[in-house]
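Given next are the chains, with one letter for each unit.
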Amino acid sequence: MPTAQIEKKPRKTSGSPYPLWFFLPAGVIYGVLFLVPTFASLYFSLTRWNLFNSTFIGFENFLSFVQEPFLIKGLINTVIFAVSTALLKTIIGLALGILLTSNIRMRGLLRTIAFFPILVSTIGIGITFAVMMHPTRGIINVSLELIGIDGPGWLTDPTLALYSVAFVEVWRGVGLASVIFIAGLVSIPRDYYEAARIDGATKWQQFKRITLPLVQPATATVMILSFVYGLRSFELIWTMTKGGPGFSSDVIASVIYKQYQAGFYGLSTAGNVILFILIAVMVMPLVAYFNRREVDL
Amino acid sequence: MKQLRPAILGCITLVVFCVIFVVPFFFIALQAVKDRQGSSLLNFSWPSETQLWQNLVDVVQARDYQLLLAYFNSTVITVFSVTGLVIFAAMVGYVLQRRPSKWNKYVNFAVLAGLMIPPAVVPTIWLLQQIGLFKTIHGMILIEIAYNLSFSILLYRAFIATVPRDLDEAARIDGAKPLQLFFRVILPLLKPVTVTNIVVQSIAIFNDFTNPLYYLPGKDNVTVQLTLYNFQSQFSTQYHLLFMNILLVTIPPLIVFIFFNKQIVEGMTAGAVKG
């Protein structure tokens with residue numbers, strides 16, 4: 001009796017129980033507010049533009065990005081910032097992950113402490129660290145002075161400013177990285193380590209031959225996430241240095257904002273397109289590499 | 001000795017973690033209760049005079065109670081955009097997971113693109129002006145939905161895969177139409193992942209600075225993160241008020257974190273690993 005009902009009812013009331021129009025509300029919002037501007041940016045990046053009328057000028061905007069020294073600087077800084085934060089987050093995150101999955105006491109509390117900064121507003125963190133990195137009165141340099149070290153101007157030295165911000169970014173994001181690693185580490189079967197121990201493998205061998213290959217998916221996630229995040233990074237740099245001193249810590253995202261403020265909308269949009277290309281060019285090979293490695297296992 | 005080692009290691013790690021991760025927050029709280037002169041020293045000395053209440057009142061009253069307006073605006077933006085996100089992303093994730101169709105590969109691509117591609121700022125402003133949504137709260141809400149959809153869809157799609165299809169069948173036999181099936185049967189079953197979504201997204205949107213900076217200028221539209229940014233220039237000699245402001249802006253996410261820290265950690269890692 002019930003089978004007869006299955007045959008009849010749903011067919012008559014409507015087509016599929018999973019109607020495609022469920023995509024519609026999300027699709028419209030995403031399409032209009034994200035896709036349309038993204039495609040429009042491809043055109044507007046080739047123009048001189050003041051929001052009301054635009055003049056087509058070909059690749060002039062892109063040329064300035066490779067010719068103007070302060071724009072090139074932004075381009076290079078973006079790559080430095082993304083690579084250094086992604087590498088440090090991965091290495092420190094893995095180390096913390098291993099520490100926090102060992103039989104250490106107070107694991108839960110420690111994880112919570114490390115994770116917390118990711119939830120605090122980036123602006124608040126930026127302001128706080130900018131104050132702590134004050135060259136003469138900031139607590140970092142005051143503490144260094146106590147042990148006899150003359151601390152540098154973390155944010156006022158042009159050669160150092162970008163790295164100081166990168167350090168804060170690592171501080172902020174390493175908790176999330178280690179939590180991702182913990183999720184990967186606990187899924188490695190304990191027997192593998194036991195078998196390796198019986199065969200006389202050292203701790204280092206166990207790490208190299210078991211942990212590292214098997215935690216690979218987590219490594220890929222952390223790397224790719226932090227890399228994309230680093231390339232797009234704006235809030236921390238803007239609150240801590242505003243790209244300064246001079247242009248020494250400018251990144252593409254801050255150049256986009258500066259050019260927007262100055263009214264060079266075409267140039268600003270070209271910055272967006274370059275950032276998009278940069279992400280595509282640098283992240284795609286990373287994704288492909290990790291996918292290939294995973295098949296090898 | 002064997003039992004002692006993990007304990008000692010734990011204690012050492014705890015101390016190191018406290019210095020690295022907790023000191024900055026302690027610093028914020030300490031500066032926030034100092035008076036103007038005390039905080040201008042920027043150091044860790046114990047405040048000679050604590051004036052928590054006075055600083056609180058000063059910050060709230062600054063610029064015609066701008067902070068209260070900002071709290072109101074941020075709350076409105078967060079509540080409405082998270083509501084929209086939850087419903088729309090669940091609908092997409094549900095059909096995406098349940099029904100193989102030729103649209104799926106486009107939707108999946110759009111989800112990935114949404115995670116990776118930085119939004120094109122000025123063209124978006126231009127578009128918002130064309131449709132009359134620039135500098136409006138509802139425009140901001142729609143932007144937050146558009147930018148955060150991808151992450152929510154990933155969370156929902158992964159979770160819906162664990163909901164047995166038999167339930168759909170049973171509801172259909174009882175004569176449920178697609179909308180009823182989704183809202184009355186499926187959505188209630190998604191509660192755990194919905195909680196994760198609400199918590200993670202509301203923190204992200206409440207803490208968002210870049211998007212309001214671009215799409216919501218003007219002093220009637222301030223959000224909490226923008227007040228912080230505005231106060232940074234105004235209060236450069238009044239650190240006690242600046243840090244009081246940071247403290248006030250940090251409290252809502254802190255409370256959410258205390259109650260939902262399991263969901264937050266789960267949600268962020270699940271979304272990340274599946275992405």
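Since we're looking at a predicted model, the values are computed, not measured.

Calculation rules
Residues numbered from 1 in each chain as written. Chains lettered and ligands numbered in written order. Predicted model: local features only at pLDDT ≥ 70, side-chain atom pairs only at ≥ 80, totals over all residues. Heavy atoms only, no water. Helix = DSSP H or I, 4+ residues; strand = E, 2+ residues; numbered from the N terminus. Rg over C-alpha atoms; globule rule 2.2 N^0.38 Å. Buried < 20%, exposed > 50% of the residue type's maximum accessible area, 1.4 Å probe, protein only. Areas by Shrake-Rupley, 256 points an atom, 1.4 Å probe, with all protein chains shown as cover. Lys, Arg positive; Asp, Glu negative; His and termini not counted. Charge placed at Lys NZ, Arg CZ, Asp CG, Glu CD. Contact = heavy atoms within 4.5 Å. Buried area = accessible area lost by both parts, 1.4 Å probe. Polar contact = N/O pair within 3.5 Å; in protein donor to acceptor, adjacent residues only side chain to side chain. Nonpolar A, V, L, I, M, F, W, Y, C, P; charged D, E, K, R; others polar. Patch = residues over 30% accessible without salt bridge, like charges linked within 9 Å, V, L, I, M, F, W, Y side chains within 5 Å. Salt bridge = Lys/Arg side-chain N within 4 Å of Asp/Glu carboxyl O. Axes fitted to C-alpha atoms, helices over the stretch in contact; angles between N-to-C directions. Left-handed = near helix turned anticlockwise from the far one by under 90°. Phe/Tyr/Trp six-rings, centres within 6.5 Å; stacked < 30°, edge-to-face > 60°. Core = buried A, V, L, I, M, F, W, Y, C linked by side-chain atoms within 4.5 Å. Arc of directions from axis to C-beta. Parallel < 35°, antiparallel > 145°, perpendicular 65-115°, else oblique.

A. Inspection of the overall build of chain A at higher detail. Within chain A, the secondary structure is distributed over 14 helices and 2 strands. For 297 residues, the compact-globule estimate of 2.2 N^0.38 gives 19 Å, and chain A exceeds it by more than 25% at 25 Å. On the principal axes, the C-alpha backbone points of chain A span a range of 75 × 65 × 35 Å. Expressed as a percentage of the 297 residues in chain A, the buried residues total 51%. Of the accessible surface of chain A, which amounts to about 14,100 Å², a share of 67% is contributed by carbon and sulfur atoms. Of the charged side chains in chain A, 22 are positive and 14 negative, and the gap between their average positions amounts to 10 Å.

B. Spatial organisation of unusual backbone geometry. We note that A:Lys242 has phi near 55°; this positive angle belongs to a residue other than glycine. Turning to its location among the elements, A:Lys242 is positioned in the loop between helix 12 (235–240) and helix 13 (252–261). Taking relative accessible area as the criterion, A:Lys242 reaches 36% and is therefore assigned partly exposed. In this structure, B:Lys135 takes a positive phi of about 60° despite not being glycine. Positionally, B:Lys135 belongs in the loop between helix 5 (121–130) and helix 6 (137–160).

C. The arrangement of the interface of chain A and chain B in detail. At the interface, 84 residues of chain A touch 95 residues of chain B. Summing both sides of the interface, chain A and chain B together bury roughly 8,300 Å²; the carbon and sulfur share of this comes to 79%. Remark: the boundary between chain A and chain B carries 13 residue pairs in polar contact (both at pLDDT 80 or more). Here the side of chain A that touches chain B gets 13 residues from one element, more than from any other, and that element is helix 2 (residues 24–44) of chain A. Of the residues assigned to the side of chain A that touches chain B, the class counts are 62 nonpolar, 16 polar and 6 charged.

D. How the structure looks around a positive patch on the surface. A grouping of A:Arg190, A:Arg197, A:Lys203 and B:Arg5 is seen on the molecular surface, where their side chains present a positively charged patch. If you trace the backbone, A:Lys203 turns up in helix 10 (residues 203–214). A relative accessible area of 66% places A:Lys203 in the exposed class.

E. Examining the packing of helix 3 (residues 52–98) of chain B against helix 9 (residues 191–206) of chain B more closely. Residues and elements named next belong to chain B. Two elements in contact, helix 3 and helix 9, have axes whose closest approach is 9 Å; the angle formed by their N-to-C orientations is 145°. Seen from above, helix 3 lies across helix 9 with right-handed handedness. For the pair helix 3 and helix 9, contact is made by Tyr 71, Ser 74, Ile 77, Thr 78, Ser 81, Val 82, Leu 85 and Val 86 and by Thr 194, Asn 197, Ile 198, Gln 201, Ser 202, Ile 205 and Phe 206, respectively.

F. Representation of the packing of aromatic side chains in the model. This model, assessed by the stated rule, comprises 38 aromatic pairs over all chains. Summarising the aromatic geometry, the rings of A:Tyr18 and B:Tyr94 are spaced 5.4 Å apart at their centres and angled 80° between planes, so their arrangement reads as edge-to-face. Remark: B:Tyr94 occurs in helix 3 and A:Tyr18 occurs in the loop between helix 1 (2–13) and helix 2; the pair is interchain, linking two chains. Taking the relative accessible area as the measure of exposure, B:Tyr94 reaches 0% and is therefore buried. Look at A:Tyr257 and A:Tyr260: their rings are 6.3 Å apart centre to centre, the planes differ by 40°, and that puts the pair in the tilted class. Separated by 3 residues within a single helix, A:Tyr257 and A:Tyr260 lie in helix 13, roughly one turn from each other. Of the two residues, A:Tyr257 and A:Tyr260, neither departs from the other in class, the shared state being buried.

G. Main features of the nonpolar core. B:Tyr94, B:Leu190 and B:Tyr215 are the most contacted members of the largest nonpolar core, which has 169 residues in total. Looking at this core element by element, the count peaks at 15 residues for helix 3 of chain B. For B:Tyr94, the residues in contact, after removing those within four places along its chain, are A:Pro17, A:Tyr18, A:Phe22, B:Ile160, B:Asp168, B:Leu181, B:Phe182 and B:Ile186.

H. Focus on the environment of B:Gln31. Residue and element names in this part refer to chain B. When you line up the elements, Gln 31 lands in helix 1 (residues 4–33). Under the relative-accessibility criterion, Gln 31 is labelled buried at 0%. For the pair Gln 31 and Thr 162, spaced 131 residues apart in the sequence, the C-alpha separation amounts to 48 Å.

I. Structural detail: the pattern of salt bridges. Residues and elements named next belong to chain A. Applying the stated rule across the entire model yields 6 salt bridges over all chains. Linking Lys 89 and Glu 169 is a salt bridge whose minimum nitrogen-to-oxygen distance equals 2.9 Å. Taken together, the residues Lys 89 in helix 4 (residues 69–101) and Glu 169 in helix 8 (residues 161–186) connect sequence positions 80 residues apart. Relative accessible area serves as the criterion here: at 1%, Glu 169 is assigned to the buried category. In this structure, Arg 172 engages Glu 169 in a salt bridge whose closest nitrogen and oxygen atoms are separated by 3.5 Å. In this pair, Arg 172 and Glu 169 are both assigned in helix 8, 3 residues apart and thus about one turn of the helix distant.

J. Spatial organisation of helix 13 of chain A. Residue and element names in this part refer to chain A. Counting buried positions along helix 13 gives 8 out of 10 residues, so the element sits mostly inside the fold. Where helix 13 is concerned, the buried positions are Ile 252, Ala 253, Ser 254, Val 255, Ile 256, Tyr 257, Gln 259 and Tyr 260. Of the residues flanking the end of helix 13, it is Gly 263, one or two places downstream, whose phi is positive at about 90°.

K. Summary view of helix 3 (residues 60–67) of chain A. Residue and element names in this part refer to chain A. Among the residues making up helix 3, those that are buried are Asn 61, Phe 62, Ser 64 and Phe 65. On an axial view of helix 3, the arc spanned by its buried residues comes to 155°, and they lie on one face. Facing away from the buried side of helix 3 by more than 90 degrees, the exposed set consists of Val 66 and Gln 67.

L. Examining the packing of helix 6 (residues 122–132) of chain A against helix 8 of chain A more closely. Residue and element names in this part refer to chain A. Packing of helix 6 against helix 8 leaves a shortest axis separation of 11 Å and a crossing angle of 130°. As far as their axial angle goes, helix 8 and helix 6 are oblique. Both helix 6 and helix 8 take part in a crossing whose hand is right-handed. Each of Thr 122, Ile 125 and Phe 129 in helix 6 lies in contact with helix 8, whose residues at this interface are Phe 167, Val 168, Trp 171 and Arg 172. Partitioning the contact of helix 6 with helix 8 into residue classes produces 5 nonpolar, 1 polar and 1 charged.

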